[in-house]
Amino acid sequence: MSAISPPPPLQQPPTKTPSKTHNPISIPSHSSKHYKTAIKCELKNSPQKWTIDCASSGDPIHIILKPPIPMASSSSSLDPSIKNSKRVCLFYCSEMKDLAERIAAESDAIELRSITWRKFEDGFPNLFISNAHGIRGQHVAFLASFSSPGVIFEQLSVIYALPKLFVSSFTLVLPFFPTGTSERMEDEGDVATAFTLARILSNIPISRGGPTSLVTFDIHALQERFYFGDNILPSFESGIPMLLNRLQQLPDSDNITIAFPDDGAWKRFHKQLQHFPMVVCAKVREVDQRIVRIKEGDPKGRHVVIVDDLVQSGGTLFECQKVLAKHGAAKISAYVTHGIFPNRSWERFKHDNGGNPENGMTYFWITDSCPLTVKHVKNKAPFEVLSLSAAIESALQV
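Residues numbered from 1 in each chain as written. Predicted model: local features only at pLDDT ≥ 70, side-chain atom pairs only at ≥ 80, totals over all residues. Heavy atoms only, no water.

Got a minute to help me understand helix H10 (residues 389-396) in this structure?
Given 3.6 residues per turn, any residue in an α-helix points the same way as the ones three and four places further on. All of the buried residues along H10 are Ser389, Ile392, Glu393, Ala395 and Leu396. Summarising the axial view, the buried residues of H10 lie within an arc of 160°, below the 170-degree limit, and thus occupy one face. (Buried < 20%, exposed > 50% of the residue type's maximum accessible area, 1.4 Å probe, protein only. Helix = DSSP H or I, 4+ residues; strand = E, 2+ residues; numbered from the N terminus. Arc of directions from axis to C-beta.)

See the structure below:
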């Protein structure tokens, strides 16, 4: 067999100065037949490998530059909790702005969205949801405060509108359910307004993701769960875990006794506080007045913390404080999830000035479920505000 002479070398273009960011690429000689070879090339300014395919079919030579496979972002690899969190667009009423900002500070997965709250000349609401198209397909929540009948209608207008904007899911956060204490009828003609409000919320339009979720804290009576219809899913949360955390921080945390002002409060909370000694008070009628007495338990020498779901005028708590001090309590504090305090009734609770339980309280803890009260009592002893922000952020991830 005769020897085959190699093909003539390809015509080389004029030599050019190589780029500052690339190594020069040398292209080998080829025959007139189609050849394809892969050449590895490393960029000087990047440690990533690029692949260059050289395919020749005579003249010219075709060079195909293939970029590397993109790497995962460093932020998601560093913090998988953010990557796996449900991103939520949180709207809020004007009263709840401070709490909404604290919720957003708990997680990067919470994004605050704004609503323009205006009124027409006749006093009816003139409302606008900013960037309504931008929330399509998003998980959406609204932080409400039904602090008075006058603000409920404008918030309901927004609450009914948001689920219809093609959102993936809708959650209503109503920390305080204001008509919870009016849950039953005692005389013919009584109107149970807790049932009325539950029916109104049960008719919130269904979103693309299904029924609305309702998040509320320490509702007055657990049986109110059954007042809601099938178009809403109530989630009853509690502020007691925050109280427990605060009690652990006290210097006399090993000397705490929990007191309940009545049997209703004991039924509502005793299982969450079962590791503490307990005192149960009761209202009894003497002649033409009702007074508070200790039904069971001994407060002597203890730091007694009175626990209830809410306070209005504070009369029962005030009387409970006096009877506990009379029976030898060393310190007296109180916790309520909802500090309503109409007509500035919070002013009747004074600080004990370092251990005089008959004159006042060491601490009076409330949450920020009632923002108007928080503005009045913030930084005023004995009051201390425990924020619901972390609990709400956690509930929004369900």
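It is not clear to me how the sheet that holds strand E4 (residues 88-92) should be interpreted in this structure. Could you clarify?
Strand order in the open sheet formed by six strands is E5-E4-E8-E9-E10-E11, with parallel pairing between adjacent strands. Each edge of the open sheet carries a strand with a single partner, namely strand E5 (110-112) and strand E11 (232-237). This sheet shows a mean twist of 25° between the axes of neighbouring strands, independent of strand direction. Most of the contacts of helix H3 (residues 97-106) go to E5, to which it runs at about 145°, and overall it touches E4, E5 and strand E8 (139-143). (Pairing = 2+ DSSP bridges. Axes fitted to C-alpha atoms, helices over the stretch in contact; angles between N-to-C directions. Contact = heavy atoms within 4.5 Å.)

How should the side chain of Arg268 be read in this particular structure?
Inspection of the secondary structure assignment puts Arg268 in helix H7 (residues 263-269). Overall, Arg268 belongs to the buried group, its relative accessible area being 15%. One polar contact links the side chain of Arg268 to the main-chain carbonyl oxygen of Ile219, over a distance of 3.1 Å. Here Arg268 is in contact with Asp218, Ile219, His220 and Leu222, once residues within four sequence places are set aside. (Polar contact = N/O pair within 3.5 Å; in protein donor to acceptor, adjacent residues only side chain to side chain.)

Got a minute to help me understand the pairing of E8 in this structure?
The side chains of a regular strand alternate, residue by residue, between the two faces of the sheet. Counted residue by residue, E8 has four buried out of five residues, so it is predominantly covered. The pairing of E8 with strand E9 (residues 169-173) spans five bridges and is parallel. Residue pairing across strands places Phe142 opposite Leu172, the latter belonging to E9. Handedness of the β-α-β unit built from E8, helix H4 (residues 149-161) and E9 comes out right-handed. (Right-handed = clockwise from strand over helix to strand, strands pointing away.)

Can you walk me through the side chain of Ser369 in this structure?
Turning to its location among the elements, Ser369 is positioned in the loop between strand E17 (364-367) and helix H9 (371-377). At 3.3 Å, the side chain of Ser369 forms a polar contact with the backbone oxygen of Thr337. One polar contact links Ser369 to His338, side chain to side chain, over a distance of 2.8 Å. When near neighbours in sequence (up to four residues on either side) are disregarded, Ser369 contacts Met96, Pro175, Phe176, Thr337, His338 and Leu388.

I would appreciate a short explanation of a nonpolar patch on the surface in the present structure.
Together, Phe120, Phe124 and Phe153 give the surface a local cluster of nonpolar side chains, amounting to about 350 Å² of exposed area. Here Phe153 shows up in helix H4. (Patch = residues over 30% accessible without salt bridge, like charges linked within 9 Å, V, L, I, M, F, W, Y side chains within 5 Å. Areas by Shrake-Rupley, 256 points an atom, 1.4 Å probe, with all protein chains shown as cover. Salt bridge = Lys/Arg side-chain N within 4 Å of Asp/Glu carboxyl O.)

Sorry, what's going on with the packing of H3 against H10 here?
Between two packed helices, what matters for the description is the angle formed by their axes and the separation of those axes. Contact pair H3 / H10: the axes reach a minimum separation of 8 Å and the direction vectors enclose 65°. At the point where H3 passes H10, the crossing takes the right-handed sense. Residue-level contacts link Leu99, Arg102, Ile103 and Glu106 of H3 to Ser389, Ala390, Ile392, Glu393 and Leu396 of H10. Considered class by class, the residues forming the contact of H3 with H10 number five nonpolar, one polar and three charged. (Left-handed = near helix turned anticlockwise from the far one by under 90°. Nonpolar A, V, L, I, M, F, W, Y, C, P; charged D, E, K, R; others polar.)

How do you make sense of unusual backbone geometry when you look at a structure like this?
Phi is mostly negative for residues that are not glycine, and the peptide bonds are mostly trans. Following Ala381, the chain continues into Pro382 via a peptide bond in cis, with omega recorded as 10°. When you line up the elements, Pro382 lands in the loop between H9 and strand E18 (383-386). If you check the backbone angles, Asn131 has positive phi at about 50° while not being a glycine. Among the structural elements, Asn131 can be located in the loop between strand E7 (125-129) and E8.

Would you take a moment to explain the nonpolar core for this structure?
Buried together is how nonpolar side chains tend to be arranged in soluble globular proteins. Grouped together as the largest cluster of nonpolar side chains are 66 residues, with contacts concentrated most on Phe142, Leu143, Leu201 and Val307. It is E4 that contributes the most residues to this core, five residues altogether. When near neighbours in sequence (up to four residues on either side) are disregarded, Val307 contacts Ile240, Leu243, Ile258, Ala259, Phe260, Pro261, Ala265, Phe269, Leu273 and Tyr335. Of all hydrophobic cores here, the second largest spans 24 residues; its members include Ala259, Val304, Val336 and Ile366. (Core = buried A, V, L, I, M, F, W, Y, C linked by side-chain atoms within 4.5 Å.)

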